[in-house]
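So you can see what is in the structure, the chains are spelled out below.
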Amino acid sequence: MAAAESSSIEVPRIESSSQPAERDQGLAAIGGNVGAVWRGWWTWTPGNGTFNLQIAWNVIGIDSTVVITASEIDSNGNRFVGAAPFQVSSIAPGNGVVTFKINIGWGSALPMRTDVLVFN
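What this report covers is the structure whose coordinates are included nearby. (Residues numbered from 1 in each chain as written. Predicted model: local features only at pLDDT ≥ 70, side-chain atom pairs only at ≥ 80, totals over all residues. Heavy atoms only, no water.)

Within the protein chain, the secondary structure is distributed over zero helices and nine strands. The N-to-C order of helical and strand elements in the protein chain reads β-β-β-β-β-β-β-β-β. Relative to its full complement of 120 residues, the protein chain shows a buried share of 38%. For the protein chain, restricting intrachain contacts to residue pairs at least 6 apart in sequence, the fraction spanning at least 24 positions comes to 75%. Put simply, the protein chain shows about 6400 Å² of open surface, and 52% of that area lies on carbon and sulfur atoms. (Helix = DSSP H or I, 4+ residues; strand = E, 2+ residues; numbered from the N terminus. Buried < 20%, exposed > 50% of the residue type's maximum accessible area, 1.4 Å probe, protein only. Contact = heavy atoms within 4.5 Å. Areas by Shrake-Rupley, 256 points an atom, 1.4 Å probe, with all protein chains shown as cover.)

Tallied over the full model, the rule gives two aromatic pairs. Ring centres of Trp42 and Trp57 lie 5.2 Å apart, and the angle between their planes is 65°; on these two criteria the pair is classed as edge-to-face. Of this pair, Trp42 sits in strand 3 (residues 37-47) while Trp57 sits in the loop between strand 4 (49-56) and strand 5 (65-73); the two residues are 15 residues apart in sequence, bridging distant segments of the chain. A relative accessible area of 5% means that Trp42 is categorised as buried. With 6.3 Å between their ring centres and 80° between their planes, Trp44 and Phe100 make a pair best called edge-to-face. Of this pair, Trp44 sits in strand 3 while Phe100 sits in strand 8 (residues 97-104); the two residues are 56 residues apart in sequence, bridging distant segments of the chain. Neither Trp44 nor Phe100 differs from the other in exposure class; each is buried. (Phe/Tyr/Trp six-rings, centres within 6.5 Å; stacked < 30°, edge-to-face > 60°.)

What follows deals with the nonpolar core. A general trend in soluble globular proteins is that nonpolar side chains are found buried together. With 23 residues, the main nonpolar core has Trp57, Ile102, Met112, Val116 and Val118 as its most contacted residues. For this core, the secondary structure elements donating two or more residues are strand 3, strand 4, strand 5, strand 8 and strand 9 (110-119). Here Val118 is in contact with Ala36, Val37, Trp38, Trp57, Val59, Ile60, Ser64, Thr65 and Val66, once residues within four sequence places are set aside. (Core = buried A, V, L, I, M, F, W, Y, C linked by side-chain atoms within 4.5 Å.)

Moving on, we come to unusual backbone geometry. Of note in this structure, Ser90 is not a glycine but carries a positive phi near 50°. Within the element layout of this structure, Ser90 appears in strand 7 (residues 86-94).

Turning our attention to the pairing of strand 3. Two faces belong to every sheet, and in a regular strand the side chains alternate between them. For strand 2 (residues 14-17) and strand 3, the ladder comprises three bridges, and the chain directions are antiparallel. Directly across from Ser16, in strand 3, lies its bridge partner Thr43. Bridging between strand 3 and strand 9 involves nine bridges; their strand directions are antiparallel. What sits directly across from Trp38, in strand 9, is Val118. (Pairing = 2+ DSSP bridges.)

And the structure:
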């Protein structure tokens with residue numbers, strides 16, 4: 001699902017990702033009320049404006065806590081802080097997927113990377 005809420009050149013699509021851990025990888029317990037933590041990243045094709053985006057990942061459940069950060073990337077995929085604001089909001093985990101809203105506040109399309117932390 002990737003619905004544009006404002007006009008832009010094209011809705012961002014996943015270009016590449018890290019190799020996220022599978023749910024059954026057998027990671028050690030973290031402690032407290034967190035049993036496991038996973039981290040992954042995804043790079044996206046350029047976009048600007050506001051979009052609802054999704055990332056499918058089997059470690060995400062309806063009761064997961066998901067934290068997403070977004071930043072602009074250069075042609076080598078390196079993150080940096082430029083003049084354009086990148087805002088992530090409305091993060092909603094589901095069974096095997098997380099939906100979130102991204103706003104890239106710039107007049108032209110910019111590539112981005114999202115980093116995702118999942119707490120179960």
